[in-house]
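Summary of the model geometry
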Amino acid sequence: MTSKLEQLKQFTTVVADTGDLDAIARLQPVDATTNPSLLLKAAALPRYADLLNQAVSTGKGDLGLACDHFAVAVGQEILKVIPGRISTEVDARLSFDTDATLRRAERLIGLYEKAGIGRDRVLIKIASTWEGIRAAEQLEKAGVQTNLTLLFAFAQAQACADAGIFLISPFVGRIYDWYKKAEGRDFVGNDDPGVQSVKRIYNYYKANGYDTVVMGASFRNLGQIEALAGCDRLTISPDLLQKLAEDDGQLSRQLASGATGEPRQSLDEGGFRWALNEDAMATEKLAEGIRLFARDQEKLEALLAAKA
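Everything numeric here is computed off the predicted structure, so don't read it as measured data.

Turning to the UniProt feature "active site" (unreviewed entry) in the chain, a few remarks are in order. The UniProt record annotates "active site" (unreviewed entry) at Lys125. Among the structural elements, lysine 125 can be located in strand β4 (residues 122-127). Given the relative accessible area of 5%, lysine 125 is considered buried. Not counting chain neighbours up to four residues away, the residues in contact with lysine 125 comprise Thr33, Thr34, Asn35, Ser87, Thr88, Glu89, Val90, Asn147 and Thr149.

Right, dumping it as structure tokens:
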């Protein structure tokens, strides 16, 4: 029997959620995703020491620019060992500024292109705020494809699809965390609110003919991954990828086009903000996620500043 990882690869594009080159080379995903937290972890690895020093030098005192150079340098190294694309994230502190997000995204893609990496191998990650979605919409029209992250609410998924976003990353594990704490009980398989969220979005997209790719993210256990087998893509941490690789049990496809989905509904800014406000979990987790990524961005900047 082949491993569950190999079975999963038959109907879902597997993505590694890490900056660990050794893990990526060993587990052979198609794509990889990074974020400020993962870049901070990567910065502690000896193999990235030279890249950190180079980022400080090329940043010339601009810590934001130095961080972008480091993110792109890590992305370049990852692209050497995967056939697909790398997702690189815009500074989370810009999540409520459309113009600033655009400028930072354009700088990131420009750094990749200067290094000889085509935009067809890069996805720019942006938080799924109203402002972030608007910035991503403009980037998509300019030929820069995006990955809308920190997505917890159905309204965020609706707005992303209408904006023509290439890919979204609904966060399974963080939704699970919130409901587990709020209700004081555990959830398994299809009863998991995080799993239910991704299935709802996936069925809505397929039923309404949206091209936006659904990539489940933020997993806490194998059961969540197995319940979403068949999703367009899943981005998974190395430890869970390794567990899938070591498990030779049967894995069945759970998601496929053709399921019934809700009718299409477009949201204007007021409708989006109200729907998000009505979802306590999504409101709290989006705000928390932005704060956590912002703190790790600041820690990375401090690390670079100490090397200057």
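Resuming the write-up.
Tracing the chain through its elements places serine 95 in the loop between β3 (86-89) and α6 (98-114). According to the relative accessible area criterion, serine 95 is buried, its value standing at 6%. A distance of 2.6 Å separates a polar atom in the side chain of serine 95 from the backbone oxygen of alanine 92. In this structure, serine 95 is in contact with Ala127, Thr129, Glu131, Gly132 and Ile290, ignoring residues within four places of it in sequence.

Counted by the stated rule, this structure contains 23 salt bridges. With its nearest N and O atoms 3.2 Å apart, the salt bridge here joins aspartate 247 to lysine 4. Of this pair, aspartate 247 sits in the loop between α12 (238-246) and α13 (269-278) while lysine 4 is found in helix α1 (residues 4-8), placing the two residues 243 residues apart along the sequence. Judged by its relative accessible area of 24%, aspartate 247 is partly exposed. By relative accessible area, which is 8% here, lysine 4 ends up buried. Its salt-bridge partner being glutamate 137, residue arginine 134 comes within 3.1 Å of it at the nearest N-O pair. Note that arginine 134 and glutamate 137 are positioned in helix α7 (residues 130-141) at a spacing of three residues, about one turn of the helix. One salt-bridge network, in which partners are shared between bridges, spans Asp68, Asp91, Arg93, Arg104, Arg107 and Glu301.

Turning next to the nonpolar core. Membership of the largest hydrophobic core comes to 99 residues, with the highest contact counts inside it found for Leu8, Phe70, Ile124, Ile168, Tyr205, Ile225 and Ile236. Dropping the residues within four chain positions of it, isoleucine 236 is found in contact with Leu8, Val15, Ala16, Asp17, Phe219, Ile225, Leu241 and Leu244. Counting residues in each nonpolar core, the second largest holds six residues, with Leu123, Phe166, Leu167 and Val213 among its members.

The next subject is the pairing of strand β6 (residues 167-170). Residues of β6 alternate between two faces, with Leu167 and Ser169 on one and Ile168 and Pro170 on the opposite face, all of them buried. Running through helix α8 (residues 154-162), the crossover from strand β5 (residues 146-151) to the neighbouring parallel element β6 is right-handed. Of the strand pairs in this sheet, β6 and strand β7 (residues 213-216) are connected by two bridges, and their pairing is parallel. Each residue of the ladder has a partner; that of leucine 167, found in β7, is valine 213.

On strand β8 (residues 233-236), burial covers both faces: Arg233 and Thr235 on one face and Leu234 and Ile236 on the other are all buried. Bridging between strand β1 (residues 13-17) and β8 involves four bridges; their strand directions are parallel. Following the sheet pairing, valine 15 is matched in β8 by threonine 235. Here two bridges tie β7 to β8, and the two strands are oriented parallel to one another. Along β8, the bridge assignment pairs methionine 215 with arginine 233. Assessed by its sense of winding, the connection that carries the chain from β7 through helix α11 (residues 222-227) to β8 is right-handed.

Moving on, we come to the packing of aromatic side chains. Think of a pair of aromatic rings as described by two things: how far the centres are apart, and how the planes are tilted against each other in angle. Considering all chains together, one arrives at eight aromatic pairs under this definition. Here the aromatic rings of phenylalanine 154 and tyrosine 204 are separated by 5.0 Å at their centres, their planes lie at 70°, and the arrangement is edge-to-face. Of this pair, phenylalanine 154 sits in helix α8 while tyrosine 204 sits in helix α10 (residues 193-207), and the two are 50 residues apart along the sequence. For phenylalanine 154, a relative accessible area of 12% corresponds to the buried category. Centre to centre, the rings of tryptophan 178 and tyrosine 179 are 4.9 Å apart; their planes meet at 80°, and the pair counts as edge-to-face. An aromatic cluster is present here, built from Phe154, Tyr204, Tyr205 and Tyr210 joined pairwise through their rings. Here arginine 85 stacks its cationic end above the ring of phenylalanine 166, 5.1 Å away from the centre of that ring.

According to the stated counting rule, one finds zero disulfides in the structure shown. Cysteine cysteine 160 is unpaired, with the sulfur of cysteine 231 as its nearest cysteine sulfur at 14 Å. Assessed through its relative accessible area of 0%, cysteine 160 is described here as buried.

Now for unusual backbone geometry. Trans is the common state for peptide bonds, and a negative phi is the common state for residues other than glycine. The residue glutamine 28 is not glycine, and still its phi comes out positive at about 55°. Its location among the elements puts glutamine 28 in the loop between α2 (21-27) and β2 (31-33). Residue classification places glutamine 28 among the exposed residues on the basis of a relative accessible area of 58%. Of note in the backbone geometry, leucine 150 takes a positive phi value of approximately 50° without being a glycine. One can find leucine 150 in strand β5.

Rules used in this analysis
- Residues numbered from 1 in each chain as written.
- Predicted model: local features only at pLDDT ≥ 70, side-chain atom pairs only at ≥ 80, totals over all residues.
- Heavy atoms only, no water.
- UniProt positions renumbered as here; feature names shortened; annotations may be inferred.
- Helix = DSSP H or I, 4+ residues; strand = E, 2+ residues; numbered from the N terminus.
- Buried < 20%, exposed > 50% of the residue type's maximum accessible area, 1.4 Å probe, protein only.
- Contact = heavy atoms within 4.5 Å.
- Polar contact = N/O pair within 3.5 Å; in protein donor to acceptor, adjacent residues only side chain to side chain.
- Salt bridge = Lys/Arg side-chain N within 4 Å of Asp/Glu carboxyl O.
- Core = buried A, V, L, I, M, F, W, Y, C linked by side-chain atoms within 4.5 Å.
- Right-handed = clockwise from strand over helix to strand, strands pointing away.
- Pairing = 2+ DSSP bridges.
- Phe/Tyr/Trp six-rings, centres within 6.5 Å; stacked < 30°, edge-to-face > 60°.
- Lys NZ or Arg CZ within 6 Å of the ring centre and 35° of its normal.
- Disulfide = S-S within 2.5 Å.

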